Amino acid sequence: MKNHAPKVTLLIPGLLEPFSGIDPSLFPDLPALTKLLSKGCTRQTENNNYETTLCDLFNIYPDNNNELPIAQLTWLTDSGSPSSTALLRADPVHLRADQAELRLFPANQLSITESEAKQLINLLNEHYHGDGIEFIAPTPTRWYVQLKQQPSLTTHPLSCVAGNDIRHFLPNGKDAAYWKGLFNEIQMLLHDHAVNLSRRDNQQPAINSLWFWGGGPIEKIARPSNQLVMSNDVLAESLAKFTGSRFVYFDTDIEVACDEAAADKSAILIAHNDFLDSIACADFNSWSQMLEKSEQTLFKPLLSALKKGKIVAVTVLPCNRMLYQVRRNQLLHFWKPVKSLKSFAGKF
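Residues numbered from 1 in each chain as written. Predicted model: local features only at pLDDT ≥ 70, side-chain atom pairs only at ≥ 80, totals over all residues. Heavy atoms only, no water.

K.L.:
Any chance you could break down the overall build of the protein for me, citing the residues and the numbers?
P.N.:
Helix and strand counts for the protein come out as 12 helices and 12 strands. Against the globule reference of 20 Å for 348 residues, the protein gives a C-alpha radius of gyration of 21 Å, in line with a compact fold. Dimensions of the protein along its principal axes, counting C-alpha atoms only, are 65 × 50 × 35 Å. Looking at the protein residue by residue over its 348 residues, the buried ones come to 52%. A fraction of 71% describes how many contacts in the protein between residues 6 or more apart in sequence connect residues 24 or more apart. Summed over its atoms, the accessible surface of the protein is roughly 16600 Å², and 49% of this surface lies on carbon and sulfur atoms. One way to put it: in the protein the 33 positive side-chain charges average out to a point 10 Å from where the 36 negative ones average out. (Helix = DSSP H or I, 4+ residues; strand = E, 2+ residues; numbered from the N terminus. Rg over C-alpha atoms; globule rule 2.2 N^0.38 Å. Buried < 20%, exposed > 50% of the residue type's maximum accessible area, 1.4 Å probe, protein only. Contact = heavy atoms within 4.5 Å. Areas by Shrake-Rupley, 256 points an atom, 1.4 Å probe, with all protein chains shown as cover. Lys, Arg positive; Asp, Glu negative; His and termini not counted. Charge placed at Lys NZ, Arg CZ, Asp CG, Glu CD.)

K.L.:
Describe the layout of surface pockets, and please don't skip the residues or the numbers.
P.N.:
For the largest pocket, the calculated volume is near 550 Å³. Around the largest pocket, the lining comprises 25 residues; the ones closest to its centre are R89, N108, L158, D233 and N273. Breaking the lining of the largest pocket down by element, the ones donating at least two residues are helix 2 (50-57), helix 3 (70-79), strand 3 (86-98), helix 5 (158-161), helix 8 (234-243) and helix 10 (276-280). Take the lining of the largest pocket: its biggest share by element is three residues, from helix 10. The residue inventory of the lining of the largest pocket, partitioned by class, reads 11 nonpolar, seven polar and seven charged. (1 Å grid on protein atoms, 1.4 Å probe; cavity = no way out; pocket = protein on both sides within 12 Å on 5 of 7 lines; lining within 4 Å. Points joined across faces, edges and corners; volume = space filled by probe spheres on them. Nonpolar A, V, L, I, M, F, W, Y, C, P; charged D, E, K, R; others polar.)

K.L.:
Can you explain helix 7 (residues 194-201)? Please cite residues and give values.
P.N.:
Regarding helix 7, the residues found buried are V195, N196 and R199. Within helix 7, the buried residues cover an arc of 90° as seen down the axis, which keeps them to one side. In this structure, the buried residues of helix 7 make contact with helix 4 (114-127) and helix 6 (176-191). In the stretch just after helix 7, Q203 is the one whose phi turns positive, near 55°. (Arc of directions from axis to C-beta.)

K.L.:
Can you lay out empty space enclosed by the protein for me, pointing to particular residues and giving the numbers?
P.N.:
Here the idea is plain: a probe the size of a water molecule rolls over the atoms and shows the empty space left. Enumeration according to the criterion identifies two cavities of 30 Å³ or more in this entry. The volume enclosed by the largest cavity comes to roughly 80 Å³. L153, T155, H156, F169, L170, P171, W179, K180, F183, L210, W211 and F212 are the residues that line the largest cavity. Each residue belonging to the lining of the largest cavity can be placed in one class, and the counts come to nine nonpolar, two polar and one charged. Estimated volume of the second largest cavity: approximately 40 Å³. In terms of lining residues, the second largest cavity is bounded by S231, N232, D233, F250, A271, H272, N273 and D274. For the lining of the second largest cavity, the class distribution of residues is two nonpolar, four polar and two charged.

Laid out in C-alpha coordinates, this is it:
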(Lines give C-alpha, C1' and ligand atoms only; values in the text may rest on other atoms or scores of the structure.)
Protein backbone atom coordinates (compact mmCIF):
# COMPACT_ATOMS: atom_id res chain seq x y z
CA MET A 1 0.00 0.00 0.00
CA LYS A 2 1.42 3.39 -1.00
CA ASN A 3 2.31 5.74 1.84
CA HIS A 4 0.33 8.99 1.66
CA ALA A 5 1.97 10.61 4.69
CA PRO A 6 1.42 14.36 4.37
CA LYS A 7 3.78 17.30 4.36
CA VAL A 8 3.28 19.87 7.09
CA THR A 9 3.75 23.62 6.70
CA LEU A 10 4.02 25.52 9.96
CA LEU A 11 3.42 29.25 9.57
CA ILE A 12 4.50 30.80 12.85
CA PRO A 13 5.39 34.51 12.78
CA GLY A 14 7.47 35.80 15.66
CA LEU A 15 9.01 32.40 16.35
CA LEU A 16 12.57 33.66 15.82
CA GLU A 17 12.35 37.20 17.14
CA PRO A 18 15.89 38.44 17.94
CA PHE A 19 15.07 40.42 21.16
CA SER A 20 18.41 42.19 20.97
CA GLY A 21 20.02 42.99 24.28
CA ILE A 22 18.70 39.89 26.07
CA ASP A 23 21.25 37.58 27.72
CA PRO A 24 21.43 34.49 25.45
CA SER A 25 21.36 32.24 28.52
CA LEU A 26 17.80 33.39 29.21
CA PHE A 27 16.47 31.88 26.00
CA PRO A 28 14.52 28.65 26.61
CA ASP A 29 15.92 25.23 25.79
CA LEU A 30 13.76 23.77 23.00
CA PRO A 31 15.29 20.49 21.79
CA ALA A 32 12.43 19.52 19.45
CA LEU A 33 12.22 22.91 17.74
CA THR A 34 15.96 23.32 17.34
CA LYS A 35 16.25 19.83 15.87
CA LEU A 36 13.54 20.62 13.31
CA LEU A 37 15.35 23.85 12.40
CA SER A 38 18.88 22.41 12.40
CA LYS A 39 18.68 19.14 10.51
CA GLY A 40 17.13 20.22 7.25
CA CYS A 41 17.70 22.86 4.60
CA THR A 42 17.18 26.60 4.65
CA ARG A 43 16.52 29.17 1.96
CA GLN A 44 15.45 32.77 1.69
CA THR A 45 11.86 33.79 0.94
CA GLU A 46 10.28 37.06 -0.17
CA ASN A 47 7.54 37.46 2.40
CA ASN A 48 8.14 38.82 5.88
CA ASN A 49 4.65 39.15 7.35
CA TYR A 50 1.92 36.77 8.39
CA GLU A 51 -0.96 37.90 6.18
CA THR A 52 1.00 37.99 2.91
CA THR A 53 2.65 34.63 3.58
CA LEU A 54 -0.65 32.99 4.53
CA CYS A 55 -2.44 34.28 1.43
CA ASP A 56 0.47 33.18 -0.74
CA LEU A 57 0.09 29.62 0.59
CA PHE A 58 -3.45 29.65 -0.84
CA ASN A 59 -2.41 31.25 -4.13
CA ILE A 60 -4.14 34.51 -3.20
CA TYR A 61 -2.07 37.45 -4.41
CA PRO A 62 -2.19 41.27 -4.11
CA ASP A 63 -3.95 43.42 -6.69
CA ASN A 64 -2.31 46.15 -8.79
CA ASN A 65 -2.08 48.36 -5.68
CA ASN A 66 -0.26 45.56 -3.84
CA GLU A 67 -3.36 45.19 -1.67
CA LEU A 68 -4.63 41.85 -0.38
CA PRO A 69 -8.36 41.08 0.07
CA ILE A 70 -8.09 40.62 3.84
CA ALA A 71 -11.32 42.47 4.63
CA GLN A 72 -13.31 40.52 2.04
CA LEU A 73 -11.89 37.22 3.27
CA THR A 74 -12.46 37.71 7.00
CA TRP A 75 -15.92 39.10 6.27
CA LEU A 76 -16.81 35.65 4.92
CA THR A 77 -16.34 34.21 8.39
CA ASP A 78 -17.61 37.17 10.41
CA SER A 79 -20.84 37.61 8.42
CA GLY A 80 -21.34 34.15 6.89
CA SER A 81 -21.59 35.44 3.31
CA PRO A 82 -19.60 37.45 0.74
CA SER A 83 -19.82 41.24 0.85
CA SER A 84 -21.76 43.00 -1.88
CA THR A 85 -19.67 46.17 -1.46
CA ALA A 86 -16.02 47.20 -1.31
CA LEU A 87 -14.55 46.78 2.16
CA LEU A 88 -11.64 47.86 4.31
CA ARG A 89 -10.79 46.50 7.71
CA ALA A 90 -11.15 49.37 10.17
CA ASP A 91 -9.82 47.76 13.32
CA PRO A 92 -9.94 49.62 16.65
CA VAL A 93 -6.46 50.31 18.03
CA HIS A 94 -4.65 52.24 20.72
CA LEU A 95 -2.04 54.78 19.65
CA ARG A 96 0.54 55.73 22.26
CA ALA A 97 3.06 58.53 22.00
CA ASP A 98 6.46 57.11 22.95
CA GLN A 99 9.18 59.75 22.82
CA ALA A 100 9.45 60.63 19.11
CA GLU A 101 7.27 57.71 18.00
CA LEU A 102 3.54 57.03 17.79
CA ARG A 103 3.17 53.32 18.44
CA LEU A 104 0.15 51.16 17.64
CA PHE A 105 -1.35 48.43 19.83
CA PRO A 106 -4.03 46.19 18.28
CA ALA A 107 -7.54 45.44 19.51
CA ASN A 108 -6.79 42.02 20.96
CA GLN A 109 -4.69 43.77 23.62
CA LEU A 110 -7.43 46.21 24.59
CA SER A 111 -10.21 44.01 26.08
CA ILE A 112 -12.91 45.82 24.13
CA THR A 113 -16.45 44.92 25.17
CA GLU A 114 -19.42 44.55 22.81
CA SER A 115 -21.04 47.57 24.44
CA GLU A 116 -17.97 49.74 23.84
CA ALA A 117 -17.74 48.61 20.22
CA LYS A 118 -21.44 49.35 19.64
CA GLN A 119 -21.20 52.84 21.14
CA LEU A 120 -18.16 53.81 19.10
CA ILE A 121 -19.59 52.38 15.89
CA ASN A 122 -22.79 54.39 16.46
CA LEU A 123 -20.70 57.51 16.95
CA LEU A 124 -18.82 56.94 13.70
CA ASN A 125 -21.94 56.20 11.67
CA GLU A 126 -23.79 59.24 13.04
CA HIS A 127 -20.84 61.49 12.21
CA TYR A 128 -20.25 60.10 8.72
CA HIS A 129 -23.88 59.62 7.75
CA GLY A 130 -24.26 60.64 4.13
CA ASP A 131 -20.55 60.32 3.32
CA GLY A 132 -20.96 57.02 1.48
CA ILE A 133 -19.27 54.91 4.15
CA GLU A 134 -20.66 52.72 6.92
CA PHE A 135 -18.82 51.20 9.87
CA ILE A 136 -19.70 47.69 11.08
CA ALA A 137 -18.37 45.71 14.05
CA PRO A 138 -19.34 42.02 13.76
CA THR A 139 -16.92 41.36 16.64
CA PRO A 140 -15.51 43.76 19.27
CA THR A 141 -12.01 43.44 17.79
CA ARG A 142 -12.66 43.26 14.03
CA TRP A 143 -14.34 46.25 12.48
CA TYR A 144 -15.02 47.10 8.85
CA VAL A 145 -15.94 50.08 6.74
CA GLN A 146 -18.21 49.47 3.75
CA LEU A 147 -17.59 51.66 0.67
CA LYS A 148 -19.51 52.54 -2.47
CA GLN A 149 -16.47 51.97 -4.67
CA GLN A 150 -13.12 50.20 -4.53
CA PRO A 151 -10.42 52.48 -3.09
CA SER A 152 -7.10 52.98 -4.88
CA LEU A 153 -5.02 52.36 -1.81
CA THR A 154 -1.98 50.46 -0.58
CA THR A 155 -2.05 49.65 3.15
CA HIS A 156 0.03 47.64 5.59
CA PRO A 157 -1.12 44.51 7.46
CA LEU A 158 -1.85 44.99 11.13
CA SER A 159 0.78 42.40 12.08
CA CYS A 160 3.47 44.63 10.52
CA VAL A 161 2.34 47.75 12.34
CA ALA A 162 1.60 46.39 15.83
CA GLY A 163 4.11 47.73 18.34
CA ASN A 164 5.73 50.00 15.78
CA ASP A 165 5.73 53.68 14.85
CA ILE A 166 2.75 54.14 12.54
CA ARG A 167 4.43 56.91 10.53
CA HIS A 168 6.35 54.27 8.59
CA PHE A 169 3.11 52.46 7.64
CA LEU A 170 0.57 55.07 6.57
CA PRO A 171 -1.37 54.28 3.35
CA ASN A 172 -0.19 55.18 -0.12
CA GLY A 173 -1.98 55.43 -3.45
CA LYS A 174 -4.34 57.70 -5.35
CA ASP A 175 -6.89 57.82 -2.50
CA ALA A 176 -4.33 57.98 0.33
CA ALA A 177 -4.92 61.65 1.17
CA TYR A 178 -8.60 61.01 1.91
CA TRP A 179 -7.87 58.04 4.17
CA LYS A 180 -5.06 59.80 6.00
CA GLY A 181 -7.43 62.68 6.65
CA LEU A 182 -10.13 60.30 7.89
CA PHE A 183 -7.57 58.54 10.07
CA ASN A 184 -6.65 61.85 11.79
CA GLU A 185 -10.26 63.05 12.07
CA ILE A 186 -11.42 59.83 13.71
CA GLN A 187 -8.72 60.15 16.37
CA MET A 188 -10.14 63.54 17.39
CA LEU A 189 -13.67 62.13 17.28
CA LEU A 190 -12.86 59.20 19.57
CA HIS A 191 -10.64 61.08 22.01
CA ASP A 192 -13.27 62.48 24.38
CA HIS A 193 -16.05 59.94 23.87
CA ALA A 194 -17.59 58.58 27.08
CA VAL A 195 -16.21 55.12 26.31
CA ASN A 196 -12.65 56.40 26.40
CA LEU A 197 -13.22 58.69 29.38
CA SER A 198 -14.43 55.63 31.29
CA ARG A 199 -11.50 53.54 30.09
CA ARG A 200 -9.03 56.19 31.25
CA ASP A 201 -10.74 56.33 34.66
CA ASN A 202 -10.30 52.55 34.87
CA GLN A 203 -6.65 52.80 33.74
CA GLN A 204 -7.37 51.04 30.44
CA PRO A 205 -5.80 52.15 27.16
CA ALA A 206 -8.11 54.32 25.09
CA ILE A 207 -9.61 53.06 21.83
CA ASN A 208 -8.35 56.20 20.13
CA SER A 209 -7.95 55.28 16.45
CA LEU A 210 -8.84 52.89 13.65
CA TRP A 211 -6.37 51.11 11.39
CA PHE A 212 -7.52 50.89 7.77
CA TRP A 213 -6.08 47.97 5.81
CA GLY A 214 -6.64 44.93 3.62
CA GLY A 215 -9.03 46.44 1.09
CA GLY A 216 -8.18 44.50 -2.06
CA PRO A 217 -10.98 42.96 -4.17
CA ILE A 218 -11.64 39.26 -3.86
CA GLU A 219 -11.65 36.92 -6.84
CA LYS A 220 -15.03 35.52 -7.84
CA ILE A 221 -14.00 31.86 -8.12
CA ALA A 222 -12.38 30.01 -5.24
CA ARG A 223 -9.18 28.18 -5.99
CA PRO A 224 -9.42 24.55 -4.80
CA SER A 225 -6.85 23.64 -2.18
CA ASN A 226 -6.21 20.12 -0.91
CA GLN A 227 -5.18 21.15 2.58
CA LEU A 228 -6.13 20.46 6.15
CA VAL A 229 -5.85 23.83 7.88
CA MET A 230 -5.23 23.99 11.64
CA SER A 231 -5.46 27.40 13.29
CA ASN A 232 -7.27 29.66 15.74
CA ASP A 233 -6.98 32.63 13.36
CA VAL A 234 -9.97 34.05 11.46
CA LEU A 235 -7.97 34.76 8.29
CA ALA A 236 -6.79 31.15 8.10
CA GLU A 237 -10.35 29.96 8.70
CA SER A 238 -11.64 32.31 5.99
CA LEU A 239 -9.03 31.20 3.45
CA ALA A 240 -9.94 27.58 4.15
CA LYS A 241 -13.61 28.35 3.49
CA PHE A 242 -12.81 30.31 0.34
CA THR A 243 -10.67 27.54 -1.16
CA GLY A 244 -12.73 24.58 0.03
CA SER A 245 -10.10 23.35 2.47
CA ARG A 246 -10.98 21.46 5.63
CA PHE A 247 -10.52 23.59 8.74
CA VAL A 248 -10.00 22.49 12.35
CA TYR A 249 -9.11 24.50 15.41
CA PHE A 250 -5.60 24.30 16.72
CA ASP A 251 -6.56 22.26 19.80
CA THR A 252 -6.80 19.18 17.55
CA ASP A 253 -4.17 16.51 18.32
CA ILE A 254 -1.29 16.80 15.85
CA GLU A 255 -0.84 13.06 15.25
CA VAL A 256 -4.58 12.55 14.82
CA ALA A 257 -4.58 15.35 12.25
CA CYS A 258 -1.68 13.64 10.44
CA ASP A 259 -3.63 10.39 10.23
CA GLU A 260 -6.71 12.21 8.89
CA ALA A 261 -4.65 14.11 6.31
CA ALA A 262 -3.00 10.89 5.16
CA ALA A 263 -6.42 9.30 4.66
CA ASP A 264 -7.55 12.31 2.59
CA LYS A 265 -4.20 12.52 0.74
CA SER A 266 -3.98 16.16 1.74
CA ALA A 267 -1.26 18.45 3.03
CA ILE A 268 -1.41 20.10 6.45
CA LEU A 269 -1.08 23.83 7.09
CA ILE A 270 -0.72 24.99 10.68
CA ALA A 271 -1.16 28.77 11.02
CA HIS A 272 -0.06 29.79 14.50
CA ASN A 273 0.12 33.55 15.07
CA ASP A 274 -0.10 33.65 18.87
CA PHE A 275 3.42 35.06 19.23
CA LEU A 276 2.49 38.37 17.61
CA ASP A 277 1.10 39.99 20.77
CA SER A 278 4.32 39.31 22.67
CA ILE A 279 6.34 40.75 19.80
CA ALA A 280 4.18 43.89 19.58
CA CYS A 281 4.70 44.51 23.30
CA ALA A 282 8.40 43.51 23.17
CA ASP A 283 7.56 41.12 26.02
CA PHE A 284 10.42 38.63 26.19
CA ASN A 285 9.02 36.72 29.18
CA SER A 286 5.65 36.15 27.52
CA TRP A 287 7.38 35.11 24.28
CA SER A 288 9.60 32.64 26.16
CA GLN A 289 6.68 31.12 28.04
CA MET A 290 4.76 30.67 24.80
CA LEU A 291 7.79 28.99 23.22
CA GLU A 292 8.04 26.54 26.09
CA LYS A 293 4.33 25.75 25.81
CA SER A 294 4.62 25.32 22.03
CA GLU A 295 7.55 22.94 22.50
CA GLN A 296 5.15 20.55 24.25
CA THR A 297 1.99 21.10 22.22
CA LEU A 298 3.46 21.63 18.74
CA PHE A 299 7.17 21.05 18.15
CA LYS A 300 7.50 17.75 20.03
CA PRO A 301 4.38 16.24 18.41
CA LEU A 302 5.60 17.32 14.96
CA LEU A 303 9.03 15.83 15.56
CA SER A 304 7.45 12.61 16.86
CA ALA A 305 5.15 12.37 13.84
CA LEU A 306 8.12 12.92 11.52
CA LYS A 307 10.17 10.21 13.24
CA LYS A 308 7.25 7.76 13.00
CA GLY A 309 6.71 8.46 9.31
CA LYS A 310 3.24 9.94 9.88
CA ILE A 311 4.49 12.99 7.96
CA VAL A 312 7.25 13.17 5.37
CA ALA A 313 8.48 16.74 5.90
CA VAL A 314 8.02 19.83 8.05
CA THR A 315 8.44 23.32 6.60
CA VAL A 316 8.72 26.17 9.10
CA LEU A 317 7.91 29.73 8.01
CA PRO A 318 8.69 32.26 10.79
CA CYS A 319 8.02 35.28 8.51
CA ASN A 320 11.64 36.45 8.78
CA ARG A 321 12.39 35.96 5.06
CA MET A 322 13.70 32.46 5.78
CA LEU A 323 12.27 28.99 5.20
CA TYR A 324 13.38 25.89 7.14
CA GLN A 325 12.49 22.43 5.82
CA VAL A 326 13.38 19.05 7.25
CA ARG A 327 12.53 15.63 5.83
CA ARG A 328 12.39 12.41 7.82
CA ASN A 329 15.67 11.00 6.51
CA GLN A 330 17.47 14.26 7.37
CA LEU A 331 16.88 13.67 11.07
CA LEU A 332 19.62 11.00 10.79
CA HIS A 333 22.24 13.42 9.45
CA PHE A 334 24.51 13.20 12.49
CA TRP A 335 27.09 15.47 10.87
CA LYS A 336 24.70 18.40 11.13
CA PRO A 337 24.74 19.53 14.77
CA VAL A 338 21.65 20.82 16.54
CA LYS A 339 22.14 24.56 16.91
CA SER A 340 20.95 26.79 19.73
CA LEU A 341 17.81 28.85 19.36
CA LYS A 342 19.79 32.10 19.45
CA SER A 343 21.71 31.08 16.30
CA PHE A 344 18.41 31.15 14.41
CA ALA A 345 16.81 34.10 16.19
CA GLY A 346 19.68 36.48 15.39
CA LYS A 347 22.76 38.00 16.91
CA PHE A 348 22.70 39.30 20.44
